[in-house]
Amino acid sequence: MLLVIDVSNTNMVLGVFHGENLVANWRLSTKSGRTADETGLLICSLFAYSDVSVGDIEAIIVSSVVPDVMYSTLNGIKKFLKKDPIVVRAGLKTGINLRMENPKEMGTDRIVNLVAAYELYGGPAIVVDYETATTFDVVSEKGEFLTGITAPGLQTCADALYQRAANLPKFEIVKPESVITKNTVESMQAGLVVGHIGEAKFIIQKIKEHFNCPNMKVIATGGLARVIDPKGEIFDVLDPVLTLKGLRILYEKNK
């Protein structure tokens, strides 16, 4: 079995694949203060609550955009899982041609998502990821990265409202029934969620117009993607574990 780990600024997401089947997955908070021992023990403890044994893990692949946690993560894995993981970095076979000025600037999470989207759903496609930032990445029919757009994420914007405005409360990120609201929390929910819905529609429209491809597939992932499009009216595919699938594919290409 294969253990895949994606470390983002907000969450560390782990999954176990048996062949192409995802048989277990977990989501943890990303914390830079954890030691290697704490990280290794925490990962091992997750297996106690699944049908998978830590002893079944044959290989591990890790992608991270948080350099501060890589030492503890990799050393915790080596010490407690007795495996030397593959790390997603420049030089791995991806099947994606990064047509940009400096390919090393591209976040590994975005590369992993492009790999998964292209291999599983084909191109041309727009990959939208709702995490700490909201990203819109475009891959061509030939597997070329064409452009990428980065915007503040839903939770990032919500935190900024709460932290920078003394009289505004914390609130749950959900879409209100109407944009016509009568209390502070619903007005914040409407402004945030409906604003991001408009952002998604406009950016997707402009990308399709620029590349003259009105039927370009739109594939969304990330923890808050379903909040933006619960009825499937904006995205063609909603795949919450797209990154985990991409890590499995990268492992198969590079093992």
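Residues numbered from 1 in each chain as written. Predicted model: local features only at pLDDT ≥ 70, side-chain atom pairs only at ≥ 80, totals over all residues. Heavy atoms only, no water.

1. Brief notes about the confidence of the model for the protein chain
Here is step 1 of the chain: Looking at the protein chain as a whole, its pLDDT mean stands at 91, while 99% of the residues score no less than 70.
Here is step 2 of the chain: The element-level mean pLDDT for the protein chain is lowest in strand 6 (residues 97–98), coming to 86, with strand 7 (residues 125–130) highest at 97. (pLDDT = per-residue confidence, 0-100. Helix = DSSP H or I, 4+ residues; strand = E, 2+ residues; numbered from the N terminus.)

2. A word on the sheet that holds strand 11 (residues 237–238)
Here is step 1 of the chain: As summarised here, the arrangement of the six strands in space is 6-9-8-7-10-11, forming an open sheet in which the pairing is mixed. Lying at the two open borders of the sheet, with one neighbouring strand each, are strand 6 and strand 11.
Here is step 2 of the chain: Sheet topology places strand 7 next to strand 8 (residues 133–139); six bridges connect them, and they run antiparallel. Within the sheet, the bridge partner assigned to Tyr-130 lies in strand 8 and is Thr-134. (Pairing = 2+ DSSP bridges.)

3. Structural notes on helix 5 (residues 184–210)
Here is step 1 of the chain: For helix 5, with 27 residues, the first-to-last C-alpha span of 38 Å sits near the 39 Å given by 1.5 Å per residue.
Here is step 2 of the chain: Inspection of helix 5 places Met-188, Gln-189, Ala-190, Leu-192, Val-193, His-196, Ile-197, Ala-200, Ile-203, Ile-204 and Ile-207 among the buried residues, and these make up the whole buried set.
Here is step 3 of the chain: With a side-chain oxygen lying 3.3 Å from the backbone nitrogen of Val-185, the N-terminal cap of helix 5 falls on Asn-183.
Here is step 4 of the chain: Remark: Asn-212 follows helix 5 within two positions and exhibits a positive phi of approximately 50 degrees. (Expected span 1.5 Å × (residues − 1). Buried < 20%, exposed > 50% of the residue type's maximum accessible area, 1.4 Å probe, protein only. Polar contact = N/O pair within 3.5 Å; in protein donor to acceptor, adjacent residues only side chain to side chain.)

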